[in-house]
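This is what each chain is made of:
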Amino acid sequence: MHDRHTDVLVVGGGLGGVAAALGAARHGARVILTEEFAWLGGQLTSQAVPPDEHPWIEDFGCTASYRRLRDGIRDHYRRAYPLIPSAQAKADLNPGAGWVSKLCAEPRAGLAVIEEMLAPYRSSGRIRVLQPVRPVSAETDGDRVTAVTLESATGGERTRIAARYVIDATETGDLLPLTGADYVTGFESRAETGEPSAPEQAQPENIQAVSVCFAVEHLPGDHVIDKPERYEHWRAVAPDFWSGPLISWIAPNPRTLEHVERAFTPNPGDDPLAVDADQSKGGGDMNLWTFRRILAKDQFEPGAFDSDICLVNWPMIDYFEGPVIDVPDQVRQERLADAKQLSFSMLYWMQTEAPRPDGGTGWPGLRLVPEVMGTTDGLAMAPYHREGRRIRALETIREQDVSLEQRGAGGARSYPDSVGIGMYRIDLHPSTGGDTYIDVGAEPFEIPLGALIPRSHTNLLAGAKNIGTTHITNGCYRLHPVEWNIGEVAGVLAASCLRDGTTPHQVHGDTTLVHGLQSRLIADGVELRWPDGVFGY
């Protein structure tokens, strides 16, 4: 057992955790940042998911540091890759020309920029990074967390870290049960929240699907993988709301629930510079190859790449047969292994059985790209968790606070303690209770400070998707720029409380202190309000 001490401990090195470490260090705190996997960056990198963002992201609607991350990814391609002149000159370069995002790129590009942003703080010792480690226990004194013990993911070595402030930025809120914090999972009841889309009874085990993503390219030759052990099982799965096999080209349209056949055409020869990635105009997922394409070969000098690279994060690999949160560890591991089997099974079906437009079956030239994923098996190194544990917070954001239908022309609820903004439709994937998509239009929203502060603990903060949302509103507060904003604010708040001798609860309860925090955030480039004339979709 090794003992360490720090001002701020950030557990979880996803986007929220990285932003929290940067925010706290920028305001004078010493930080230890921990991460379970080999890559920092969470859903952007180890989970391999291109950023889900609103259509105004190029001009406004995110923090200045998140914009530096986005700009840095583009600069990385301009410096290191053989872009054709027209792509090199494109201010809003989209390296993958994917339709899901204005910035589809390889996970390693995001990782490179994150490491660059952290570099000066790591060199000065202001931020120390421990990985790969996972939290296994916590010590508390009344309503304070005094220390967290982490175990190496590759061996049995443990490190105990005492900290004055602790930020839970894990993907599934792992510190909450360890610290005894009050939290919720799954659906709240309509009686509790008043939400139109909530069920009559609470369903704590009804949690959104988890996905294990992977990347493919299409090359000459036979690259068919061995038949997955669970292929026959997954080939036969046909959920009631799917109207056919899960593994197929047909899946529900998330917004209409109409069963739609998707197109799949590797290396279609489209014009990547003409892609208009705007989620307000439609999902963009009718062609699965271009939907989350993360490298478009025609934007690079001829011969640089033999194929586009397509990131597979599609409805067909959503694993919703059982939750992986608050279950015995053996069950969790078995279900995550089964989620990997689903992903391999989808790939094997595409290589061998999938109907092609020319009347044939299968694309044996589809090849996993482990070089892009940073793994040996070609799957993403971490599962993509859309939902985890959520704190019982001082402020809980409900559907009626952001819903386009509920709010009408009045816009989303405005909070006097706003510490950031975000925008995405309420987008809930199929869940472990057998529910299909829930898709609700949303207004551009604010992030209230009270949603980051647990009711039960005075020095523990939520720094990722674990803030005080409901199951419903998690669907629009869980995306990349919002998670970054949440983490950044948690880091700045912790450092401010250390400097001023206050607590988050005291800040939240004092208008003057709230205004002081907001002034610091504005100086850091955090936007607190949306401009007039921006409407939801």
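Residues numbered from 1 in each chain as written. Predicted model: local features only at pLDDT ≥ 70, side-chain atom pairs only at ≥ 80, totals over all residues. Heavy atoms only, no water.

1. A word on the packing of helix H1 (residues 15-26) against helix H14 (residues 480-500)
Thinking step 1. Here H1 crosses H14 at 35°, and the two axes come no closer than 6 Å. Remark: the crossing between H1 and H14 carries right-handed chirality. Contacts between H1 and H14 involve Leu15, Gly16, Val18, Ala19, Ala20, Leu22, Gly23, Ala24 and Arg26 from the former and His480, Glu483, Trp484, Gly487, Glu488, Gly491, Val492 and Ala495 from the latter.
Thinking step 2. Counted by class, the contact of H1 with H14 contains 9 nonpolar, 5 polar and 3 charged residues. (Axes fitted to C-alpha atoms, helices over the stretch in contact; angles between N-to-C directions. Helix = DSSP H or I, 4+ residues; strand = E, 2+ residues; numbered from the N terminus. Left-handed = near helix turned anticlockwise from the far one by under 90°. Contact = heavy atoms within 4.5 Å. Nonpolar A, V, L, I, M, F, W, Y, C, P; charged D, E, K, R; others polar.)

2. Structural notes on the environment of Ala523
Thinking step 1. Its location among the elements puts Ala523 in helix H16 (residues 511-523).
Thinking step 2. For the pair Ala523 and Ala64, spaced 459 residues apart in sequence, the C-alpha separation works out to 9.8 Å.

3. Some remarks on the sheet that holds strand S14 (residues 366-368)
Across a sheet, strands are paired by hydrogen bonds formed along the backbone, either parallel or antiparallel in direction.
Thinking step 1. The 4 strands are arranged S12-S13-S9-S14 in an open sheet whose pairing can be described as antiparallel. Single-partner strands in this sheet number two, and they are strand S12 (293-295) and S14. Neighbouring strand axes in the sheet, compared pairwise and without regard to direction, differ in orientation by 35° on average.
Thinking step 2. Inspection of the sheet shows S12 paired to strand S13 (residues 309-312) by 2 bridges, in the antiparallel sense. Among the inter-strand pairings, Arg293 is bridged to a residue of S13, identified as Cys310. (Pairing = 2+ DSSP bridges.)

4. Let's talk about the environment of Lys297
Thinking step 1. Turning to its location among the elements, Lys297 is positioned in the loop between S12 and S13.
Thinking step 2. In this structure the C-alpha to C-alpha distance between Lys297 and Gly501, which are 204 residues apart in sequence, comes to 54 Å.
Thinking step 3. When residues no more than four places from it in sequence are discounted, the contact partners of Lys297 are Asn267, Phe305, Asp306, Ser307 and Asp308.

5. A few points about the state of the cysteines
Thinking step 1. Taken as a whole, this structure holds 0 disulfides when the rule is applied.
Thinking step 2. The thiol of Cys104 is not disulfide-bonded; the next cysteine sulfur, from Cys310, is found 10 Å away.
Thinking step 3. Look at Cys104 and you get buried, because its relative accessible area is 0%. (Disulfide = S-S within 2.5 Å. Buried < 20%, exposed > 50% of the residue type's maximum accessible area, 1.4 Å probe, protein only.)

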